[in-house]
Amino acid sequence: MAMNRMRFWLAVLGMAMLLAPRPAMAWWDMGHTTVARIAQANVAPKTRAAIAALLRHAPDLATPGCPVNSMAAASVWPDCIKTLGDRFSYQYSWHYQNISICKPYDIKAACPDGNCVTTQIDRNFRLLKDRKLPARERLMALAFLVHFVGDLHQPLHGADKGDLGGNRQRADYGDYAPEKLNLHTIWDGWLAERAITTPPPLVRQYSATERAAMAGGGTEDWSRESWALSRDMAYGLALGGDPCAQQEPRRGKLDQGTIEKLVPVVREQVEKAGLRLARLLDEALG
């Protein structure tokens, strides 16, 4: 009886979290902060000191409700400022790119005028590296860079099936199946948090061999990876088979077996994001 009551209240809490108003974000807070913490643990000491120096300029941003007093806080700042309306509305489309999984990979068609996550990673890297810019501008670039590297490694921010990155694709997560639950939310939250909390811990110092294996490539390489994972894993496993051959829209399903297959995939994406971010920060600040 006690176990049934616990399950009931967990379900109520889960529904409240699902329906609570919040800006759209990749990985939710746990995912973004974990990427930031992996990067923080793996940058060079000189880079870590340069980051600390920039973070001391947080008051210059004049966003007291969205603090930037640590790398972890900086990682969620670009989502937090969405609540500030017109002041930062220009950056809404920077968090994703809708490259169709049902067509050949084409980043240029999906990123008009540079307003997509891949281009904004490159742009904010350049801004962060430019020591002639005011500290305020470089701090904003740091926060955007930390956040967008995380965004790009959430596959449903890197590609979609004409459904707003899976936001219109209803899906069940194990036995949890509220009517409005969608594939994007599952990957942003439930699946990411399951993967990150699965031992062993992801936040640690990685060996040079591990960094060499996971931190290479550039933004277009990482974008292509996310596009393929979106097609084969995010949509493919949830819908069963070729997601582009589906004739009628139907509800997806991530049963326990599928979730167990996806946990190591998500863990690796978070690790790659953290180590690739560390490399970019060393190149910009080290």
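About the cut-offs
- Residues numbered from 1 in each chain as written.
- Predicted model: local features only at pLDDT ≥ 70, side-chain atom pairs only at ≥ 80, totals over all residues.
- Heavy atoms only, no water.
- Helix = DSSP H or I, 4+ residues; strand = E, 2+ residues; numbered from the N terminus.
- Rg over C-alpha atoms; globule rule 2.2 N^0.38 Å.
- Buried < 20%, exposed > 50% of the residue type's maximum accessible area, 1.4 Å probe, protein only.
- Contact = heavy atoms within 4.5 Å.
- Areas by Shrake-Rupley, 256 points an atom, 1.4 Å probe, with all protein chains shown as cover.
- Lys, Arg positive; Asp, Glu negative; His and termini not counted.
- Charge placed at Lys NZ, Arg CZ, Asp CG, Glu CD.
- Disulfide = S-S within 2.5 Å.
- Salt bridge = Lys/Arg side-chain N within 4 Å of Asp/Glu carboxyl O.
- Core = buried A, V, L, I, M, F, W, Y, C linked by side-chain atoms within 4.5 Å.
- Expected span 1.5 Å × (residues − 1).
- Bend = angle between axes of the 7 residues up to and from the residue.
- Polar contact = N/O pair within 3.5 Å; in protein donor to acceptor, adjacent residues only side chain to side chain.

**What to know about the overall build of the protein**
When helices and strands are tallied, the protein shows eleven helices and two strands. The N-to-C order of helical and strand elements in the protein reads α-α-α-α-α-α-α-β-α-α-α-β-α. For 286 residues, the compact-globule estimate of 2.2 N^0.38 gives 19 Å, and the C-alpha radius of gyration of the protein, at 19 Å, lies within 12% of that figure. The dimensions of the protein, computed from C-alpha atoms along their principal axes, are 55 × 50 × 45 Å. Burial statistics for the protein: of 286 residues in total, 50% are counted as buried. Across the protein, contacts joining residues at least 24 apart in sequence account for 74% of those joining residues at least 6 apart. Accessible surface, the protein as shown: approximately 13300 Å² in total, 57% of it carbon and sulfur. Here the protein contributes 35 positive and 30 negative side-chain charges, whose respective centroids are spaced 4 Å apart.

**Quick notes on the state of the cysteines**
Inspection of the entire model under this criterion finds three disulfides. Covalently, Cys-102 is tied to Cys-244 through a disulfide, its sulfur atoms 2.0 Å apart. As the torsion about the S-S bond is roughly -90°, the Cys-102-Cys-244 disulfide counts as left-handed. Remark: Cys-244 occurs in the loop between helix 10 (219–239) and strand 2 (252–254) and Cys-102 occurs in the loop between helix 4 (71–80) and helix 5 (117–129); sequence separation between them is 142 residues. Within the protein, bonded cysteines paired by disulfides and numbered along the sequence follow the pattern 1-2, 3-6, 4-5.

**Quick word on the pattern of salt bridges**
Summed over all chains, the structure comprises ten salt bridges. Here Arg-224 and Glu-220 are joined by a salt bridge, their closest N and O atoms 3.8 Å apart. In this pair, Arg-224 and Glu-220 are both assigned in helix 10, four residues apart and thus about one turn of the helix distant. Residues joined in a network through salt bridges with shared partners are Glu-225, Glu-268, Lys-272 and Arg-276.

**Some remarks on the nonpolar core**
Core analysis: the largest hydrophobic core is formed by 78 residues, its most contacted members being Trp-77, Leu-128, Leu-142, Leu-145 and Leu-281. The element that contributes the greatest number of residues to this core is helix 11 (residues 256–285), accounting for 13 residues. Those residues in contact with Leu-142 that sit more than four places away from it in its chain are Ile-51, Leu-55, Met-71, Leu-128 and Leu-281.

**Details of helix 8 (residues 183–197)**
Look at helix 8: 20 Å from first C-alpha to last across 15 residues, which is about the 21 Å you get at 1.5 Å a residue. At Leu-191, helix 8 shows its maximal kink, close to 35°. Here helix 8 lies mainly inside the structure; twelve of its 15 residues are buried. Buried within helix 8 are the following residues: Leu-183, His-184, Thr-185, Ile-186, Trp-187, Asp-188, Gly-189, Trp-190, Leu-191, Ala-192, Ala-195 and Ile-196. For helix 8, the capping residue at the N-terminal end is Asn-182, with a side-chain oxygen 3.0 Å from the backbone nitrogen of His-184.

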